[in-house]
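The lines below spell out each chain.
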Amino acid sequence: MNDEKIPEKDVSFIPAEEPEEPKQQVSVGLVVPPVSAVPAMLTEKYIEQAGKQIEYRKRLLMTALKALRPHDFQDFDGKPYLEGEGAARIMAIIRGFKVGEAVFKVEIIAPHYFVDCQLPIEWMGQTAIAQGDCSTADPFFTGRDGNAGIFKRHLDRTGSESIAARLVLADAKKKARENALSRGVSELLGIKGLTWGSLS
C-alpha cells in the first residue's frame, strides 16, 4: 500500500484542533488485536501466533534499519534520534503507513515564531498522534550564534528581524512536521529506545 498523504492544515495563531480520538493507540511493541479478537482464555495457539508476530516484527525492523545511513540518526542526549529523512527511508521499505493531516499551532515570541505540529500516523492497526516542534530561532536556520544562516540572509535583505523570521516560518513548519513524522515512525516501530550500541 502506498503512503497516503493529506494536504496540511494551517491553524496558525489559534489553538490546535483536538485530533479525532483513534480507535486504538499504542506506543511501542506488538500490534495489539481488537478486544473481540482476543480469546476469552489464552491458548497455546494464540501464544504461538503472538510469538510469530514478535519474530516477524524483528525481521521487518532489521530489514528497515539496514537501509538507513549514518546521517539518518543524530545524537540527542547521548541517544540516536531518527531524522525525518531516515523516517522517509523506512516508510519507503516498510509499506502501509498512513499519514494524516498535520495540525499546526504557532506562537510568537518576538521576533521569532515557535511551531508545534500534531501528526496522526497509522501502521498495522496502531495509531500514534506524533508531535514535532521547531522555531525560526532554531540554530538550523540562524546558526550557532543566532545571527547566521538563512535567517541572516533574509535579515540582510529586509533589514527587519520580524520579516526575516516570517520568511523562515514556512521552513520551520516543514521541519516541525518532519520531526513529528520521525517520532511517529519510531514510536510505531518500537525503536525509540535504541542505543548507539544496538545500531552498530
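Residues numbered from 1 in each chain as written. Predicted model: local features only at pLDDT ≥ 70, side-chain atom pairs only at ≥ 80, totals over all residues. Heavy atoms only, no water.

### Digging into the packing of aromatic side chains
Right, so step 1: Summed over the entire model, instances satisfying the criterion amount to three aromatic pairs.
Right, so step 2: With a centroid separation of 6.1 Å and 45° between ring planes, the pair formed by Phe76 and Tyr81 is classed as tilted.
Right, so step 3: The side chain of Lys175 reaches across the aromatic face of Phe140, ending 5.1 Å from its centre. (Phe/Tyr/Trp six-rings, centres within 6.5 Å; stacked < 30°, edge-to-face > 60°. Lys NZ or Arg CZ within 6 Å of the ring centre and 35° of its normal.)

### Things to note about the nonpolar core
Right, so step 1: Among the nonpolar cores identified, the biggest contains 40 residues, and Leu82, Ile90, Phe97, Leu119, Leu181, Val185 and Leu189 are the most heavily contacted of them.
Right, so step 2: The set of elements that each furnish at least two residues to this core consists of helix H1 (44-66), helix H2 (84-93), strand S5 (103-109), strand S6 (112-123), strand S7 (126-135), helix H4 (149-158) and helix H5 (161-189).
Right, so step 3: The biggest single contributor to this core is H5, with eleven residues.
Right, so step 4: Dropping the residues within four chain positions of it, Val185 is found in contact with Leu82, Ala87, Ile90, Met91, Phe97 and Ile121. (Core = buried A, V, L, I, M, F, W, Y, C linked by side-chain atoms within 4.5 Å. Buried < 20%, exposed > 50% of the residue type's maximum accessible area, 1.4 Å probe, protein only. Helix = DSSP H or I, 4+ residues; strand = E, 2+ residues; numbered from the N terminus. Contact = heavy atoms within 4.5 Å.)

### Digging into the layout of surface pockets
Right, so step 1: Counted as a void, the largest pocket has a volume near 680 Å³.
Right, so step 2: Elements with a minimum of two residues in the lining of the largest pocket: strand S2 (73-76), strand S3 (79-82), S7 and H5.
Right, so step 3: No other element matches H5, which puts five residues into the lining of the largest pocket.
Right, so step 4: Looking at the lining of the largest pocket residue by residue, the class counts come to nine nonpolar, seven polar and eight charged. (1 Å grid on protein atoms, 1.4 Å probe; cavity = no way out; pocket = protein on both sides within 12 Å on 5 of 7 lines; lining within 4 Å. Points joined across faces, edges and corners; volume = space filled by probe spheres on them. Nonpolar A, V, L, I, M, F, W, Y, C, P; charged D, E, K, R; others polar.)

### Some points on the packing of H2 against H5
Right, so step 1: Between H2 and H5, the shortest axis-to-axis distance is 8 Å and the interhelical angle comes to 50°. In terms of orientation, H2 lies oblique with respect to H5. Seen along the crossing, H2 lies across H5 with a hand that is left-handed. Two secondary-structure elements touch here, H2 through Gly84, Ala87, Ile90 and Met91 and H5 through Glu178, Leu181, Ser182, Val185 and Leu189.
Right, so step 2: Here the residues of the contact of H2 with H5 are counted per class, giving six nonpolar, two polar and one charged. (Axes fitted to C-alpha atoms, helices over the stretch in contact; angles between N-to-C directions. Parallel < 35°, antiparallel > 145°, perpendicular 65-115°, else oblique. Left-handed = near helix turned anticlockwise from the far one by under 90°.)

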